[in-house]
Amino acid sequence: MRTDTSTTPEPAVPCPAAAAVAATQAILADMADGRHRAVVVDSPPGAGKSTLVVRAAQELTEGGERPIIVAQTNNQVDDLVVRLAREHPGIAVGRLSATGYNPPPALGALTNTTVGRTLADLAGCRIIVATAAKWATVRDATFGWAILDEAYQMRSDMLLQIVERFERGLFVGDPGQLDPFTIVGTERWIGLPHDPTQNGVSVMLEHNRNIPVHRLPVSWRLPSSAAPTIAQAFYPFTHFTAGTGDDTRALEFSTAGLARTDLDETLVQAFTTGWALHELPRRHVPRTDTQTLQTAADLAGRLLVRGAVATCERHPDGRPLKAGDIAIGVAHRDQADLVRAALARTGIPNAPGVAVDTANRLQGREFEVVIVVHPLSGRRDATAFHLEAGRLCVLASRHRQACIVVAREGIADLLDSHPSTDPVHLSVPAKFPDGWEANQVMLAKLAQHRVAA
Amino acid sequence: MSTLSALAHVQAMESMQAVPLTEFRHRHLSGRPLVIVPLAMAGEAGAPLAAMVGSAKRNGTLLVVAQPRNRDQRFAFAADLGRIVMDYIDSFRQDRRGEGERSRYTEAPQILVPNPGGVKALADLGRMCRFRATSGPYAVPDVVPEFGMWLTFLVDWAEQAGTSMLLPVTEMLTEHWATGQSTLEDQNLASLMAWISPPSSLSVEQAMADAENPDVCPPAGPSTSPEFDNRDLAPAIRRFDTARTLGDPHALAAAEAELRELIAGQIQPTWRMVWQAISLLRSVPEAPRTAKRFEGDCKAFTDYSDYRDSGGLPQRKRDTAIGAARRLGRLERALAEFESDMAFDDRFVLADRRSAGEAFDGTVVKAEPGRTVTTDKNRRVPRPRVTVRTEDPVRLAADTKLISPSLPTGHKATIVSVLSDRDVTQITLEITGGMGRGRVPKQGTVPEPGQRIAYLPDPGWRPAPQFPASDATPWTHSAAGAAGTDPAVPEDAAAEEWGNED
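About the cut-offs
- Residues numbered from 1 in each chain as written.
- Chains lettered and ligands numbered in written order.
- Predicted model: local features only at pLDDT ≥ 70, side-chain atom pairs only at ≥ 80, totals over all residues.
- Helix = DSSP H or I, 4+ residues; strand = E, 2+ residues; numbered from the N terminus.
- Rg over C-alpha atoms; globule rule 2.2 N^0.38 Å.
- Buried ≥ 20, exposed ≤ 12 C-beta atoms within 10 Å, placed from the backbone.
- Contact = placed C-beta atoms within 7 Å.
- Axes fitted to C-alpha atoms, helices over the stretch in contact; angles between N-to-C directions.
- Nonpolar A, V, L, I, M, F, W, Y, C, P; charged D, E, K, R; others polar.
- Domains from an automatic or database assignment.
- UniProt positions renumbered as here; feature names shortened; annotations may be inferred.
- Expected span 1.5 Å × (residues − 1).
- Pairing = 2+ DSSP bridges.

Chain A carries the name Helicase in an unreviewed UniProt entry, which gives Streptomyces diastatochromogenes as its organism.

(A) Main features of the overall build of chain A. From N to C terminus, chain A includes 16 helices and 19 strands. Here chain A has a C-alpha radius of gyration of 22 Å; the compact-globule value for 453 residues is 22 Å, and the two agree. On the principal axes, the C-alpha backbone points of chain A span a range of 65 × 55 × 50 Å. Expressed as a percentage of its 453 residues, the buried residues of chain A come to 48%. Look at the contacts in chain A between residues 6 or more apart in sequence, and 78% of them connect residues 24 or more apart.

(B) Spotlight on the overall build of chain B. In terms of regular secondary structure, chain B is built from 13 helices and 17 strands. With the C-alpha coordinates of chain B rotated into their principal frame, the extents come out at 90 × 65 × 45 Å. Within the span of chain B, comprising 502 residues, buried residues form 38% of the whole.

(C) The packing of helix 14 (residues 389–396) of chain A against helix 16 (residues 435–447) of chain A, seen in detail. All names here are of chain A. Remark: helix 14 packs on helix 16, axes separated minimally by 8 Å, with the N-to-C direction vectors making an angle of 35°. For the pair helix 14 and helix 16, the contacting residues are Ala 389, Leu 392 and Ala 396 in the first and Gly 435, Ala 438, Asn 439 and Met 442 in the second. By residue class, the composition of the contact of helix 14 with helix 16 is five nonpolar, two polar and no charged.

(D) Summary view of unusual backbone geometry. The phi dihedral of Ser 427 of chain A is positive, around 60°, even though this residue is not glycine. On the secondary structure map, Ser 427 of chain A appears in the loop between helix 15 (411–417) and helix 16. The phi dihedral of Met 16 of chain B is positive, around 50°, even though this residue is not glycine. Positionally, Met 16 of chain B belongs in the loop between helix 1 (3–15) and strand 1 (19–20).

(E) Layout of the domain arrangement of chain A. Residues and elements named next belong to chain A. The domain boundaries assigned to chain A delineate domain 1 (16–219) and domain 2 (226–452). Each of domain 1 and domain 2 was reduced to a C-alpha centroid, and the two centroids are 30 Å apart. Each partner contributes residues to the interface: domain 1 has 18 residues there, and domain 2 has 25 residues.

(F) Inspection of the interface of chain A and chain B at higher detail. Counting from both sides, the interface comprises 26 residues of chain A and, opposite them, 27 residues of chain B. Looking at the side of chain A that touches chain B, the elements that each hand over two or more residues are helix 6 (156–162), helix 7 (200–207) and helix 11 (333–345) of chain A. Class assignment for the residues of the side of chain A that touches chain B results in twelve nonpolar, seven polar and seven charged.

(G) Main features of the UniProt feature "domain: DNA2/NAM7 helicase-like C-terminal" (unreviewed entry) in chain A. Summarizing the sequence annotation, UniProt attributes the feature "domain: DNA2/NAM7 helicase-like C-terminal" (unreviewed entry) to residues 324–408 of chain A in the numbering used throughout. Taken end to end, residues 324–408 of chain A comprises 34% helix and 31% strand; its first and last C-alpha atoms sit 27 Å apart.

(H) Local environment of the domain arrangement of chain B. Taken domain by domain, chain B holds domain 1 (3–318) and domain 2 (358–457). The centre of domain 1 of chain B, based on its C-alpha atoms, is set 46 Å off from the matching centre of domain 2 of chain B.

(I) Representation of the environment of Ala 447 of chain A within the structure. You can see Ala 447 of chain A is positioned in helix 16. Remark: the alpha-carbon pair of Ala 447 of chain A and Glu 279 of chain A, spanning 168 residues in sequence, is separated by 9.7 Å.

(J) Seen up close, helix 9 (residues 261–273) of chain A. All names here are of chain A. For helix 9, with 13 residues, the first-to-last C-alpha span of 18 Å sits near the 18 Å given by 1.5 Å per residue. The complete set of buried residues in helix 9 reads Leu 263, Thr 266, Leu 267, Gln 269, Ala 270 and Phe 271. Packing partners of the buried residues in helix 9 comprise strand 11 (250–253), strand 12 (275–280), helix 10 (290–306), strand 18 (399–408) and strand 19 (450–452). Looking at the residues trailing helix 9, positive phi occurs at Gly 274, about 90°.

(K) Up close: the pairing of strand 5 (residues 127–131) of chain A. All names here are of chain A. Burial within strand 5 is extensive, with four of its five residues counted as buried. Here four bridges tie strand 2 (residues 68–71) to strand 5, and the two strands are oriented parallel to one another. Looking across to strand 5, one finds that Val 70 is bridged to Ala 130. Pairing between strand 3 (residues 93–96) and strand 5: three bridges, direction parallel. Each bridged residue has a counterpart across the sheet, and for Arg 95 the counterpart in strand 5 is Val 129.

Structural data, given as structure tokens:
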């Protein structure tokens, strides 16, 4: 994350679709303009990052370039390869991989895709896609353009390993998500512009002034109920809007409620307003608190039992929600394990299909309904880990329809008694958004949707 | 903090007695360590006040800077301390084995300080000394910059996990013992020792009360107790200054003697306690893999020694982009290997990893010892599969590479599948290494049904990351146009006028 002083102002356009098109045009124009070694695109959650990557790759290929694409995980690479190859059957796409890689079935079925271990295997390909780690093993090849996807999740030392593979780069990513980290605790690089533990985009911008920074203005994922809150809390300087109107998306129960009225009340709140805070009684508890985690699982179970129909721009006539459309997001891996066990305990046959994961692993994914176990729920202290804005941002911005937060009462008091006490270092720009403030904004919003359990 | 170490701390609290966290000591402990107890003056960063140094409990040398603000005295102190430390370091630059590239010293120095603050004090001292000129204005003795460079080398090396050339004693103690106090309180050597081994006539509670009373147990440094500073130190320094201004040799000698005595009273309790901690640590058996890590220390020592012999330059003030990235890679690698080594050697640490789901221990319930596969190169190789049943909360995914402390070294396996049913997990593994070269695995290299076996993730071998050449920092990490220097780093930010105007 970085301070936002260099963002190119985009003209205000009332229609979201037109604004998105204009932003894409401006990005492509800056890429075509030979003056810039790099173009940065900041993308809020669900703003069509992959669409932009595919579009930019295709444009570069048309211009006679042979671009490379750098993603961070094998899954991201696979998804991009499948999208590129399907949308542009005329372009030969290469997938550079390590030995022992098994392509998923969707990728194996494509005819214009080649999987190779070395660049020599992919000599005929117009676009080559691989993870940053794989690109770091490539020697003695230089390409005109690289598109770096999820660039804010790539550490500066990784960028240093791959930077000689390309002359110019398009850096695409979401600055509001979790920053990369290191397990090594050293302070020796704090304040250095080339701190290797920082993300690659910040370091590149620090050394190269006048790099155009664009932002995508429309979130196609977040509903109109969520976009303003997420923008205010986590993207205070770069406003964005929801791509859909107030009445495009809706959730409806397919059965009437009976018993479990506490859970139903929360679900109704979420279905009608897009947000709900399911607040359990105030208590200091360990993060593995059974009641909190079981409640999160029960809410997902209840949603499945009652059945819901989701209406959206993709399914204007409604579509029943399945287990895979629901996610439960937590902060720690042991919580995820316990929630999975709790889901199994509900006895609902399709409950284990609900995605349960930590914020780190939910990054980049999308669901219809997301149930969030608040990172600060039941805690005695607010550590930097639990306050980190990126963590809450990931959890609260995965949903297309509704987000339900499960927490113990008392987070507001916890925040008030734990103001940020991180040491201030010389030459380190203040970080925005501030985790403490972002949490306050979210809490203020959730207070309007509170259901006491 | 993991569940098991939290439990150990609670146990310690309940029984009012330190509880061992590990079966072994995972740090090399030299037969002849050099202990340095540094003290610094409050209020001025890196102004040394005194140090007690020596390689045996009975012959510690006390060095005192009578007026810490006087830079001539400061560097005279650095030279005295430097001579002792360099004599010690040079005594390890004698016995060398191996030929050519592999030639290295068989032993390495080990400097022990009371607490992490001591490492920081040595880092400041190294930074103060290593750039000083030995000729021209404000020249310092030759040993000063040499000492500064060696200190910086030791401090840098100490950042790497598992190394043993410079260590705070509190860290070695807390690695092995859990106490009933907080991590912050554990950095106080006196109260840590009160938990582990209270004086024979005192209970832990009494010893802790003493440890927190600066009049009974002066702080282990580098900063001294503020009360001592105001009550004793400041007046004594003032008397020394007055005597020096008056030019009275008698009063000067008396003032100096008084200062030495005062500081000796502050430093000697810590000195004794460090040696007591060392003998405690000696009673803990050393972990098997420590010796291998110590070879890494010897290699680094040899390399730096050769670099100094060839007249190498002092270390930079700040890492370059490529140097920093390279160092980060090395530190991360060392940490992963150290953690894996500890779990491999030590049942207690393994149990800790198991409780977090990062390792498991179970019984072999099924084995296919005769299974073979044909490789890409058309060679038939043994790839036996075994299924292990465990009640550990395993959180490892398929394709994770594993090593096992329960089988002969070289044993390697990969997880094929993990099936959890309530509290029991069945893990199917394919054994990929450590079975000898034949088509049939060697006796005892494939676990048999009923055998109890533990596995943990293999930190594995990874090629060293390849960065651009040091003199060619790419455009993303350096500002264009500036020749050699990076304008984003204010190189002269620490520039200082230097003299004795005080």
